[in-house]
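Residue strings, one per chain:
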Amino acid sequence: MFGGLLCGVGMISAAFCTSILQLYICVGFITGFGLALNLQPSVIIIGKYFLKRRPIANGLAMAGSPVMLCTLAPLNQFLFDNFGWRGSFLILGAILLNCCVAGALFRPIGPGTAPVKTQVTEEGKDALKGKITEDGPMENKTEEEGEKDCFEKVNQYLDFSLFKHRGFLIYLIGNVLMFLGFFAPIVFLAPYAKHTGIDEYSAAFLLSILAMVDMVARPTTGIVANSRWVRPRIQYFFSFAIAFNGTCHLLCPLASSYTGLIVYSSFFGLAFGMVCAMLFETLMDLVGAARFTSAVGLVTIAECCTILLGPPIGGILIDTFGDYKYMFIKCGAVMVLAGTFLFIMNYYNYRMLAKEEKERKAKEEDPKSVRTENEGKKNWNKDSTQDGPELEPLREKGEGLKKEMNGTNEA
C-alpha cells in the first residue's frame, strides 16, 4: 500500500517538473521505489498461499502485467495527444494509486503463532549460559554475542548463506546474464517499427499484440509447468524459454515488413510470457518457500545492474551503427547464451542432487553408520547431563514430576 502511494505521488509530481533531472527523481527514483515495494510482496505472498498449484498461481498472477501493457501503449499515445505529457502523468499517477487497493487485499492466512517455550526449557538455557560464563571470560563472550546478534539481525532479512547454495548461484548467474537482453527489445520495438516507416499508432499496436499473446502465454505456461511431467524438471523448461526468447530476437532483423513484425511480436510475446511465468517459480523450486523472501531480495539486487545496463547498451549500438538489427542480435545472443548456461548447469545440479540423495539413503540403510550415530548421541546426552550445581533445580523439578506421576498411577 505504501508502494502504491509512492507510485502515485511520483507520477503526479512529475506533471509539475520543469527539468529532466526532476523527472529522474520523480519518475525514476520515487515511482521506481514504489514499484519495487509493490513487486516483492506480490511475488512472495503467492508462495504463502499456494504449494500444490503454485506454478499455475504464479502464471495467473503474472498475467496481470500484460493486461496493462496491452492497453498502456495506445492509452499513452491517446493521453499524450489529448492532454499533453503533464496531463498524462496526472492520469497515470491516479491509476497507480489503485495499487493501494490491491495491497489492502493481501490478507494473512491465519493468526501468527509463536513457539511456546516451557519454563523448564528456559531454566535449562539459563543454567547452560551460566556454565558457559564460568568457563570463559565475560568480556569476550559479550563481544561475540554482540557480533552474533548483529549478524543474525542482518541475516534475518537477507540470508547471505544462500551464496553457498549451488542451485541459487546457478540461477543468479544465468538470470544476471539473461537480463542484459531481456527488456531492451520491448523498449526499442516501437522505435524500430517507426524507423522502418510504420506510423506511430501501428507501431504502438505491436506492443499490444505482444501483450495479448503474453497474457495468454503466462497462465498457459503455469498450467504446463504444474504438470507431473514438467514440474520435477522445471529448470529445463525455464532454460528452454530463455533460449527460445533469444532465438526470436536473433530472427527479428529478418522481419522487414509490418506483417513480419506482427509475427515477431507474437512469438516474442509467447517467449516473454513463458519466462515471466516461471521466473520466480523456478527460484522457489530451488531454495524453498522458507528462504524465498531473502532469495528474491538478493536476486533483485544483483539483477538490477544488468536491467539498468541493457537498454543503454542497446541504444549505444543503435547510435554507433545506425541500425537496430545489431541491438536485436546482441540481445538474442546474450539470452541464448544464458539459456544454454542454465540448461547445462541445471543438468549438473540435478545429477549432484541425485548423487547426494543416493548417498544419504545408503548412509541411512547402513546399520554400522546408524549405530555409530546412536552411540554419538548417547555420549552427547551423557555429557550434557553431567552432575553440577547449575542443573540441580532442573533435576529436583524432574524428580518431583516423576513422584507426582507415580502417585497418580498408584491412585
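- Going by the annotation in an unreviewed UniProt entry, the name recorded for the protein is Monocarboxylate transporter 2-like, with Serinus canaria given as the source organism.
- UniProt annotates the protein under Subcellular location (unreviewed entry) with the comment "Basolateral cell membrane".
- If you open the UniProt record of the protein and go to Sequence similarities (unreviewed entry), you find "Belongs to the major facilitator superfamily. Monocarboxylate porter (TC 2.A.1.13) family."

1. With respect to the packing of aromatic side chains
No. 1: If you walk through the whole model with that rule in mind, you get 19 aromatic pairs.
No. 2: Ring centres of Tyr 236 and Tyr 350 lie 5.2 Å apart, and the angle between their planes is 70°; on these two criteria the pair is classed as edge-to-face. Of this pair, Tyr 236 sits in helix α11 (residues 234-251) while Tyr 350 sits in helix α14 (residues 325-365); the two residues are 114 residues apart in sequence, bridging distant segments of the chain.
No. 3: Taken together, a centroid distance of 5.9 Å and an interplanar angle of 85° make the contact between Tyr 264 and Phe 328 edge-to-face. Placement of the pair is Tyr 264 in helix α12 (residues 258-287) and Phe 328 in helix α14, with a sequence separation of 64 residues. The two residues Tyr 264 and Phe 328 agree in class, both being buried.
No. 4: Members of the aromatic cluster, joined through ring pairs, are Phe 179, Phe 182, Phe 183, Phe 188, Tyr 192, Tyr 264, Phe 268, Phe 272, Tyr 324 and Phe 328.
No. 5: Directly above the ring of Tyr 350 sits Arg 233, whose terminal nitrogen or CZ lies 4.3 Å from the centroid.

2. Structural notes on helix α13 (residues 292-321)
No. 1: In a regular helix each residue adds 1.5 Å, so 30 residues correspond to 44 Å; α13 covers 42 Å between its end C-alpha atoms and thus fits that length.
No. 2: Along α13, the sharpest change in direction is near 30° and occurs at Glu 303.
No. 3: Positive backbone phi, at 65°, marks Gly 322, one or two positions downstream of α13.

3. With respect to the nonpolar core
No. 1: If you look at the biggest cluster of nonpolar residues, it comprises 61 residues, and the most contacted ones within it are Phe 168, Met 178, Phe 238, Ile 242, Leu 283 and Phe 292.
No. 2: Of all elements in the fold, only α2 (20-49), α8 (166-178), α9 (184-195), α10 (200-225), α11, α12, α13 and α14 reach the threshold of two or more residues within this core.
No. 3: Dropping the residues within four chain positions of it, Phe 292 is found in contact with Val 43, Ile 44, Phe 280, Leu 283, Met 284 and Val 287.
No. 4: Counting residues in hydrophobic clusters, the runner-up holds 8 residues, among them Met 11, Ala 15, Phe 89 and Leu 92.

What counts as what
Residues numbered from 1 in each chain as written. Predicted model: local features only at pLDDT ≥ 70, side-chain atom pairs only at ≥ 80, totals over all residues. Heavy atoms only, no water. UniProt positions renumbered as here; feature names shortened; annotations may be inferred. Phe/Tyr/Trp six-rings, centres within 6.5 Å; stacked < 30°, edge-to-face > 60°. Helix = DSSP H or I, 4+ residues; strand = E, 2+ residues; numbered from the N terminus. Buried < 20%, exposed > 50% of the residue type's maximum accessible area, 1.4 Å probe, protein only. Lys NZ or Arg CZ within 6 Å of the ring centre and 35° of its normal. Expected span 1.5 Å × (residues − 1). Bend = angle between axes of the 7 residues up to and from the residue. Core = buried A, V, L, I, M, F, W, Y, C linked by side-chain atoms within 4.5 Å. Contact = heavy atoms within 4.5 Å.

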